[in-house]
Each structure stands twice: as structure tokens, then as C-alpha cells.
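Residue-level structural notes
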Amino acid sequence: MRDVVLVREMASGDDRALGTLYDRWHAVVHGVVARVLRQPDDIEDVVEETFWQAWRQASRFDPARGAVQTWLLTIARSRALDRARALRRRRESPIEGDDGEVVVEQAAASDPGLDAEATERRQIVTAALSQLPAEQRQALELGYYGGLSQSEIAERTGQPLGTVKTRMRLAMQKLRSQLQILHSEGGP
Amino acid sequence: MTDGMTHEAASEALEALALDALDASERAEVLAHVAGCAECQRELAALERTSDELALAAAPLAMAPAQRDRIRARLLARAGADRAVAERAFAEQRAESSGPARPSEVVTLRAPRRGMGTSAWMAMAAGLVAIVGMGGYMSARRERDALRASLQAAQAERGVRLAAVDSLRATLEDKDRMIANLTGAQVAVMTMASQSPTSPTGRMFWDQAHNAWTLVAHRVPMPKSGRTYQLWLVTPTAKINAGTFMPKPDGEVMVRATMAMPTDSLAAVAVTDEPIGGSAQPTTAPMMVATAR
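Only a predicted model underlies this, so the values are computations on that prediction, with no experimental measurement involved. (Residues numbered from 1 in each chain as written. Chains lettered and ligands numbered in written order. Predicted model: local features only at pLDDT ≥ 70, side-chain atom pairs only at ≥ 80, totals over all residues.)

1. Digging into the overall build of chain A
Counting secondary structure elements, chain A contains 9 helices and 0 strands. Moving toward the C terminus, one meets the helices and strands of chain A in the order α-α-α-α-α-α-α-α-α. Looking at the 188 residues of chain A, the share that counts as buried comes to 48%. In chain A, once contacts between residues fewer than 6 apart in sequence are set aside, the share between residues at least 24 apart is 65%. (Helix = DSSP H or I, 4+ residues; strand = E, 2+ residues; numbered from the N terminus. Buried ≥ 20, exposed ≤ 12 C-beta atoms within 10 Å, placed from the backbone. Contact = placed C-beta atoms within 7 Å.)

So this is what it looks like as C-alpha cells:
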């Protein structure tokens, strides 16, 4: 059963569809959440909350705006960043996650747990990221997975704020161009 | 344009906005501009799609089976409960809108599906919110009432326990004080003599440090009806009333009084039989007496 059908069934109150969606995507969601958070309890909570939010908002999912996978991962990242920022405020400590190292990995020829379409989508994104200069990728990832603002990234990396802004902007422009295929008709 | 940010400055910040990487103040400024700029809105929508796709780069990460199953079980339990509430609310709304159904009209009610019209869906959703909200309110209220009752019970129990502790503490302090009154370094002990046929015996303990007097006596007969015993502290110039008392049925007496008196002014301690309420001065001969030395 395709993801969009599962989400439609979830919207109609079919909790079995939620179970199927979870079985299909939990490892991917877990991967995103674990990039942002480090504590197992936090990770477990956020993974659960990601799917719970998907269940509650299934009726609002619009396939025209993107794939179910993207929708789920956007929820996962958002919830994980919320948790990380809350933890940071509470602890007055640096946000969890990567400390600036570039961690983009090349997608494997096939990722366990991903179907062919999802694997291809991931390969496209990781390939686009890997083509970015390291400093641009770093700025992007600190913002995206670290939840840091540009000024916080500047402080963290010791780079001028203007430099960080430029790097982030250039990185996004390149990615936007590279990832157009994901949004085109007949794309993965 | 009413905001202070130029279109150029705002458009240069859209990438960071899409990544949610702007400081709060700058974010507010950019959003204020975007709200009134169709070009920036289109640009931001496209950048947000790019941003959303970035999550695909994270490698899948297997969970421990126990953790994976635990989350799944919780999710399905929550979803099942959620569905049951929705179905019940939907059924109740159907029942309310159609009135009592005759047996032939009873149908299996299903949860709402996407095929419903938007207005019907919205109306039902509003109904669900109200019903679920009311259910939540009632549930919360019951829990609050239960908690309040528990709190009151706990406070009452705590009060009883505190009272018991206070009582024990007071008793203990009293016993300590009594022991001090009887055995302290400055306690004078006087043996009471008696001419009574029951041969009562007794001792007066005078704790001079605390001006405390303790009379302990045995085999003291019960006074006649309308009568009581009265304790007197006798000085060369006066007989001072130290209070009245009744013996216990077994003849035991323990009388305590507090009265300051110069150490060398006490001549004797006496107990007389007096009318109920006591007398200003002794009206009978002492039934017990001890002479101070």
C-alpha cells in the first residue's frame, strides 16, 4: 500500500494504517531525530510524537506539496529541534547534535528499510549535499540539524556573521537547483 | 510596505528563514515583509520545500527491537483510544441530529471519512472538539475533585498525626518536667504525716529552682459528699492556698502547683478537709502535714 493511501486511511481513523506507516518509516524518522538529539529517552519520545502528530494531522496532508516521507521527516526534525531548544534553554548548554563536523554521508546503494523510491530520493539529496563546499555544508547542517541561528553558528565556528549568511544562502540556492527533480512531474 | 526591512534585505534572508536559522527579531522582521510580498512568499515556499527535502539525507537508524515495539504499542494504543473517542462522538452527534432511531433504522456507525463535504466535516470536527473538550474537562474536573478530596484527607490525617505528636510531645515534656521537679538538685522532699484512720502516706516535692510543688500521696480516703481536700503552704505569717484536689478511687493522689516562695519562709505543708470550692483559710485540722526543716 502506498504511503499516500496509508495516510488517507489514517485520516479516516484506521490505526492499522498508522502501524504500517510506522513499520515502514520508523528507522528513517529515528535517523533524523538521532541527528538532533542524543539522549535515548528524548529520542524515543520524539519518534513517538512524530508519528502521533502524523496521525492527528493526517487529514491535512497534501500530496501535492511533497512526499509522505518528506512530510514525516519535516515533522520529526521540527519536533526534535523543539525538544533540543527546550533542553538548551533549561540547561543553558549548547544544543545537542553535531558540533560542526560535516557528517553528510553518501547514501548506500540501497538503505535497509527503504524502498527503491525512497532510496533514490535519499541518494539525490545526499549527492547534492556532497557537492557543496565543506564550509557551506557545515553552515547548513548546523542550522538544519543543530537548530542554531546564523549568529549562533558564527559564534560556534568563529566566522563573521556575514560569512555565515553568505555560505548558508549559497548552499540553499545550489540545493534548490539540484533538488528540483524531486518536485518535478514523474520525479522520484 | 509598512515594515522596516527592504525587499532586498528580506529576500536575502529567505534561505535562512526556510532553514529556521534566523534570530527571533530578524525572523519577525522578515516574516512581516513576506506577509505583504507575493514574490517573497513564492520564493519562501520553494525554499521551504528544499529545506524539507534535506531531512532525507539522514541515514535510517535501526532501533532496538524492544524500543521499536514499545513505541509502536504506545502509538497504536493512543490511536485506538483516539478513534474510539471520535467514533463515540460521531455516533452521539448522529443520534442527536436524527432523534431516537427505531430498530429498523439502526445502522452501524463508522468514523467519518474523507468523502464527506467540507462543511459537514468542519461541523463535525467542531462537534468533536466540543465533545472531546467537554470530556476532557469533565475528566480533569473529576481528577481535580478526587485530588482535592485526597488532599483534604491527607491534611486531616496529617492534622491528626500532628495533634498526636504534639500531645505526645507535651506529655513527654510534662513527664520530663515532673521528673525534674521530683529529682532535681534543688528539690526539697517533705514526708507527710497523718492521723487519719486509713494511715495515708505522702511526700511533698518542692522544686525550688522552678517554684514547682508536687504532692504524691497514697491511701487517701475519698472525702465526704460536698467536701474536698485543700493544700496549704504554711509560712510563719500565713496559710497560702495551693489548690484543692480529689483522690482517685484507689486513694492515689498526684497534685501539682506552681508558686514562688522564699526558701526559708516555708514552715509546713498541710492538707485539710474543706467544702467543695475550697476555703480562704483552713477550717479543719490537717489530715496530713509535713514540717519544713
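2. Overview of the confidence of the model for chain A
Residues of chain A with pLDDT of at least 70 account for 84%, and the chain-wide mean is 84. For residues 93-107 of chain A, every residue scores under 50 in pLDDT, and the model assigns this stretch 42 contacts once sequence neighbours within four places are set aside. (pLDDT = per-residue confidence, 0-100.)

3. What to know about the interface of chain B and chain A
Counting from both sides, the interface comprises 39 residues of chain B and, opposite them, 55 residues of chain A. Breaking the side of chain B that touches chain A down by element, the ones donating at least two residues are helix H2 (14-18), helix H4 (38-53) and helix H5 (65-98) of chain B. Sorting elements by how many residues they give to the side of chain B that touches chain A places H5(B) first, with 12 residues. Split by residue class, the side of chain B that touches chain A holds 23 nonpolar, 3 polar and 13 charged. (Nonpolar A, V, L, I, M, F, W, Y, C, P; charged D, E, K, R; others polar.)

4. Quick notes on the packing of helix H6 (residues 134-144) of chain A against helix H8 (residues 161-178) of chain A
All names here are of chain A. The geometry of H6 relative to H8 is characterised by a closest axis approach of 8 Å and an angle of 90° between their N-to-C directions. Between H6 and H8, the crossing angle belongs to the class labelled roughly perpendicular. Seen from H6, the contacting residues are Glu135, Gln136, Arg137, Ala139, Leu140 and Gly143; seen from H8, they are Val164, Arg167, Met168, Leu170 and Ala171. Partitioning the contact of H6 with H8 into residue classes produces 6 nonpolar, 2 polar and 3 charged. (Axes fitted to C-alpha atoms, helices over the stretch in contact; angles between N-to-C directions. Parallel < 35°, antiparallel > 145°, perpendicular 65-115°, else oblique.)

5. Describing unusual backbone geometry
All names here are of chain B. Even without a glycine there, the phi angle at Asp20 is positive, about 60°. Its location among the elements puts Asp20 in the loop between H2 and helix H3 (24-35). Unusually for a residue other than glycine, Asn211 sits at a positive phi of about 55°. Within the fold, Asn211 resides in the loop between strand E2 (201-207) and strand E3 (212-218).

6. Details of the sheet that holds strand E6 (residues 253-258) of chain B
All names here are of chain B. Strand order in the open sheet made by the 8 strands is E5-E4-E7-E8-E1-E2-E3-E6, with antiparallel pairing throughout. Each having just a single partner strand, strand E5 (239-245) and E6 make up the two edges of the open sheet. Averaged over all pairs of adjacent strands, the angle between strand axes in this sheet comes to 25°, irrespective of strand direction. Bridge analysis of strand E4 (residues 227-234) against E5 gives 5 bridges, and the strand direction is antiparallel. Note on E5: the bridge partner recorded for Gln230 is Thr244. (Pairing = 2+ DSSP bridges.)

7. Digging into the pairing of E4(B)
Counting buried residues along E4(B), 6 of its 8 residues qualify, which places the element largely inside the surrounding structure. The antiparallel hairpin formed by E4(B) and E5(B) contains 4 residues in its connecting segment.

8. Looking at the environment of A:Val29
Residues and elements named next belong to chain A. Within the secondary structure layout, Val29 lies in helix H2 (residues 15-36). A residue is classified by how many C-beta atoms lie within 10 Å of it, and Val29, with 31 of them, is buried. With 48 residues separating them along the chain, Val29 and Arg77 place their C-alpha atoms 8.5 Å apart. If near-sequence neighbours (up to four positions away) are discounted, Val29 is found in contact with Val47, Thr50, Leu72, Leu73 and Ala76.

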